[in-house]
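Reading the structure
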Amino acid sequence: MIEVRDLTKYHFGRPVLENVSFRVKEGTNLGLIGPGGAGKTLLLKIICGLVEPDSGNTFIKGQKVQGLALQELTQLRFDIGLLFQNYALFDYLNVTENIAFPLRQAGKHTNKEILKMVQESLNSVDLPHIGHQYPNELSGGMKKRVGFARAVIPKPPIVLYDDPTAGLDPVTSSKIFLFLKAMKEERGVTSITISHDIEGIRDICDSFVLLNKGKVVFYGSRDEIENTQLSLARQFWHGFSDDELG
Amino acid sequence: MSNQKQAADPRMQEENDQSSAGLVSAFFAAIGEPIVYVTRTVKELSALFLVTIKYVIAGKRRPDEVVAQMFEIGNRSVVFIAVTLGFLGMILIYQAGFQAMKITGDLTLLGALFLQLLMREFGPTITALMIATRVGTGMAAELGSMVVTDQVDAMKMCAAEPIEYLVVPRFIASTIMVIVLTIVAVLISYLAGALTAYTAFDVNFRTYFDLGFVSYFDIIIGLTKALAYGMTIPIIACHAGLNVFGGSEGVGRATTQSVVNASLAVVVIDFIISGLGYVVLALF
């Protein structure tokens, strides 16, 4: 469903991603873990065509993302939802219009249908009464849930989550992970989840990639990462430091 | 003796050669860098302009957003423009009248010549410089903050094209409102000049309001300039905003870049249209 093949990206002459390769099977969730600055967010942006790599390719449903014309890329993005790390809510639109935005762009629904879908979506993220509010009136957790609602409202078969629980309290974090679990189990969504919350993603991801300094240092299933003897992976998975990461 | 020794030392000679080569290369880099920057920027601005025109012709119609931008550019700038151009009219008439009194003492053509100058030069150009400062920086900062907070990427992920969604309404609104503001600016400056001429030099209104020197050609040149400025300012501002990198520091850089580039563009366009205008006038 998603394939990343030999991706390399330089930033001011310095490699930030080097020969990154992995696959995500249909209906599964891949956990992308690693220390800050490892290139995880950049990798997500390359996967959905927001950033061009210097070499290598990504494939979504067998279609090569790099080199697509703007119209083809736009069409492909109807199949991908992206939850941004910093929410990326449109600050000049209220919550209802933020969530309605992708539906309005698709142009497949009437205004009445869109408003009904938005309300259902708000109910599903436990925020039924905030449709009239603007992003600057919301807390971090509320923004995250609104961002989540906007990413999934067009029912895309692929959803990319960039650190969905960063900076949130444990209760809101667990709610977010429940949403992610529901997306996978009820809708069969294929996804990649970046997270530093190993406890949270342990149960919702089927496979894991550990990135360090732009390189894949581990790629395998949940069982494999739990039993790996690879020091870096063990260190990150179990949350102890022996100065190998960094 | 010491110099002879240095010249004879091959290592010293090599170092001297390298240092000369470094100076030459630094010299050419210093000349080449701004040329490369200007060429690249003009190329990118031309591409953005063409894509914007394409969406103006064939894109989605969003009249509400255009009206909102017209309000932002026009209504919110009118006081600023009126005050600036009003004072400019008073100063110019006072200075012109003062000089004329010293040389000929004849003030009968004061209003007529001032109106011609206002229509051809000061009206559109000063208005555009004010718009570049007030509106251009606002556009660059707004779009720049949208870029650094990933809102532009979110727009792309929602299958909305940022140029169509963000640049086109600003472009249409600015093109219309710079023309409107130029007309308002010319009228206010001319009226302020009339009051100054009457108060300071006792020039009566009948003498001042003389349209004898103004031709259709002056009106066409003035409106052509206003049209060109109205299209150029949002393109430069939006280009600066959409190319922001590096967080809030980058937004600051973009606003500075926007106002500097837009002001330079206004002056260059003024020169080109004025020059072409005189060529056309000579031919016909």
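Residues numbered from 1 in each chain as written. Chains lettered and ligands numbered in written order. Predicted model: local features only at pLDDT ≥ 70, side-chain atom pairs only at ≥ 80, totals over all residues. Heavy atoms only, no water.

**Digging into helix H7 (residues 162-201) of chain B**
All names here are of chain B. To keep things clear, this is the line we draw: The helix count covers DSSP runs of H or I at least four residues long, the strand count covers runs of E at least two residues long, and both are numbered beginning at the N terminus. To estimate how far a helix should extend, the number of its residues minus one is multiplied by 1.5 Å. The angle between axes fitted to the seven-residue stretch ending at a residue and the seven-residue stretch beginning at it gives the bend at that residue.
Here H7 contains 40 residues, and its C-alpha end-to-end distance of 55 Å stays within 8% of the 58 Å for a straight helix at 1.5 Å per residue. At Val168, H7 shows its largest kink, close to 30 degrees, and the proline Pro169 lies no more than four residues downstream. Where H7 terminates, the next one or two residues include Asp202, which has phi positive at roughly 60 degrees.

**Looking at the environment of Tyr10 of chain A**
Residue and element names in this part refer to chain A. Applicable threshold: Residue contacts are counted whenever heavy atoms from the two residues lie within 4.5 Å of one another.
Among the structural elements, Tyr10 can be located in strand E1 (residues 2-11). Along the primary structure Tyr10 and Lys112 are separated by 102 residues, whereas in three dimensions their C-alpha atoms are 47 Å apart. With residues up to four places along the chain from it excluded, the contact list for Tyr10 reads Pro15, Val16 and Asp54.

**Focus on the interface of chain A and chain B**
The condition is simple: Once two parts are brought into contact, the accessible area they lose, counted with a 1.4 Å probe and summed over both, makes up the buried area. Should a side-chain nitrogen of Lys or Arg be within 4 Å of a carboxyl oxygen of Asp or Glu, the pair is scored as a salt bridge. Throughout this description, a polar contact denotes any pair of N or O atoms lying within 3.5 Å of each other; where both atoms belong to protein, one of them has to be capable of donating a hydrogen while the other can accept it, and for residues adjacent in sequence the pair is counted only when both atoms sit in side chains. Classes in brief: Ala, Val, Leu, Ile, Met, Phe, Trp, Tyr, Cys and Pro nonpolar; Asp, Glu, Lys and Arg charged; the others, Gly included, polar.
Taken residue by residue, the interface counts 21 residues in chain A and 18 residues in chain B. In this assembly, chain A packs against chain B so that about 1,700 Å² is buried in total across both faces, 61% of it on carbon and sulfur atoms. Of all residues in chain A, Arg77, Tyr92 and Gln105 of chain A bury the most surface against chain B, accounting for 28% of the area lost on that side. In this structure, the connection of chain A to chain B is made through two salt bridges. For Lys45 of chain A, the salt bridge goes to Asp153 of chain B, with nearest N and O atoms at 3.3 Å. Counting every contact that joins chain A to chain B gives four residue pairs in polar contact (both at pLDDT 80 or more). Listing elements by their share of the side of chain A that touches chain B, those giving two or more residues are helix H2 (70-77), strand E6 (80-83) and helix H3 (95-106) of chain A. Of the residues that constitute the side of chain A that touches chain B, the class distribution is 14 nonpolar, three polar and four charged.

**Notes on the sheet that holds strand E10 (residues 215-221) of chain A**
All names here are of chain A. To be explicit about the condition: Following DSSP output, two strands are said to pair if at least two bridges run between them. Angular values range over 0 to 180 degrees, each being the angle between N-to-C directions of two axes fitted as lines to C-alpha atoms, with helices fitted over their stretch in contact.
Strand order in this open sheet of six strands is E6-E7-E8-E3-E9-E10, and the pairing throughout is mixed. Each of the sheet's edge strands pairs with one partner strand only, and the pair in question is E6 and E10. Shown here is a sheet whose adjacent strand axes are inclined to one another by a mean of 15 degrees, direction ignored. In this structure, strand E3 (residues 29-33) lies alongside strand E8 (residues 190-194), joined through four bridges in parallel fashion. Looking at the pairing, Leu32 lines up with Ile194 of E8. Packed onto the sheet, helix H5 (residues 140-152) meets E6 and strand E7 (158-162) and runs at close to 170 degrees relative to E6.

**A word on the nonpolar core**
This is how it is decided: In this description, a nonpolar core means a group of buried Ala, Val, Leu, Ile, Met, Phe, Trp, Tyr and Cys residues linked to one another through side-chain atoms lying within 4.5 Å. The cut-offs for exposure are 20% and 50% of the maximum accessible area for each residue type, with area from a 1.4 Å probe on protein chains only; residues under the lower value are buried, those over the upper are exposed, and the others partly exposed. Domain extents, as shown, originate in an automatic or database domain assignment.
Formed by 82 residues in total, the largest nonpolar core has its most connected members in Phe22, Leu43, Ile47, Leu160 and Ile192 of chain A. Here this core takes 11 residues from H7 of chain B, the largest share from any one element. Structurally, this core is a two-domain feature, drawing no fewer than three residues from each of domain 1 (1-79 + 159-246) and domain 2 (89-155) of chain A. Those residues in contact with Phe22 of chain A that lie beyond four places of it in its chain are Ile2, Glu3, Val4, Leu30, Leu43, Ile47, Ile192, Val209 and Tyr219 of chain A. One finds Ile99, Ala100, Val125 and Leu168 of chain A within the second-largest nonpolar core, a separate group that totals 42 residues.

**Concerning the domain arrangement of chain A**
Residues and elements named next belong to chain A. In terms of domain boundaries, chain A breaks down into domain 1 (1-79 + 159-246) and domain 2 (89-155). In this complex, domain 1 contributes 16 residues to the contact, which on the side of domain 2 involves 12 residues. In total, about 1,000 Å² of surface goes out of reach between domain 1 and domain 2, with carbon and sulfur atoms giving 73% of it. Considering only the side of domain 1, the residues that lose the most area to domain 2 are Phe78, Phe179 and Arg187, jointly responsible for 45% of the buried surface there. Breaking the side of domain 1 that touches domain 2 down by element, the ones donating at least two residues are E7 and helix H6 (170-187). The element contributing the most residues to the side of domain 1 that touches domain 2 is H6, with seven residues. For the side of domain 1 that touches domain 2, the per-class residue count stands at 10 nonpolar, two polar and four charged.

**So, empty space enclosed by the protein**
To locate leftover empty space, one rolls a probe as large as a water molecule over the atoms. Defined as follows: We place a 1 Å grid over just the protein atoms. Points where a 1.4 Å probe fits but has no way out form a cavity, open points with protein on both sides within 12 Å along at least 5 of 7 lines form a pocket, and any residue with an atom within 4 Å of a point lines it. Grid points are joined across faces, edges and corners, and a volume is the space filled by probe spheres set on the points.
Scanning the model with the defined rule gives two cavities of 30 Å³ or more in all. Surrounding the largest cavity, 15 residues form its lining, Ile80, Pro102 and Ala151 of chain A together with Met157 and Cys158 of chain B being those nearest its centre. At the level of secondary structure, the elements contributing two or more residues to the lining of the largest cavity comprise E6 and H5 of chain A together with helix H6 (151-157) of chain B. For the lining of the largest cavity, the element with the most residues is E6 of chain A, which contributes three residues. A class-by-class count of the residues in the lining of the largest cavity yields 12 nonpolar, one polar and two charged. Here the second largest cavity defines a volume of roughly 30 Å³. Among the elements that make up the lining of the second largest cavity, the one with the highest residue count is H2 of chain A (three residues). The residue makeup of the lining of the second largest cavity, split by class, is three nonpolar, one polar and three charged.

**Some points on the packing of H3 of chain A against H5 of chain A**
Residues and elements named next belong to chain A. Applicable threshold: Oblique is the label for any angle not covered by the other classes, which are roughly parallel (under 35 degrees), roughly antiparallel (over 145) and roughly perpendicular (65 to 115). Should the near helix be turned anticlockwise from the far one by less than a right angle, the crossing is left-handed, and should it be turned clockwise, the crossing is right-handed.
The N-to-C vectors of H3 and H5 enclose an angle of 30 degrees; their axes lie 7 Å apart at closest approach. On the basis of the axis angle, H3 is roughly parallel to H5. As for how H3 packs across H5, the hand of that crossing is right-handed. The residues of H5 that touch H3, namely those facing Val95, Asn98, Ile99 and Pro102, are Val146, Ala149 and Arg150. For the contact of H3 with H5, the residue count by class is five nonpolar, one polar and one charged.

**Describing the packing of H3 of chain A against helix H4 (residues 111-124) of chain A**
Two quantities define a packed helix pair, namely the angle between the axes and the distance from one axis to the other. All names here are of chain A. Remark: H3 packs on H4, axes separated minimally by 9 Å, with the N-to-C direction vectors making an angle of 120 degrees. Our classification of the angle between H3 and H4 gives oblique. The way H3 lies across H4 gives a crossing that is right-handed. Contact residues: Val95, Thr96, Ile99, Ala100, Leu103 and Arg104 in H3; Asn111, Ile114, Leu115, Met117, Val118, Ser121 and Leu122 in H4. Across the contact of H3 with H4, the residue classes break down as nine nonpolar, three polar and one charged.

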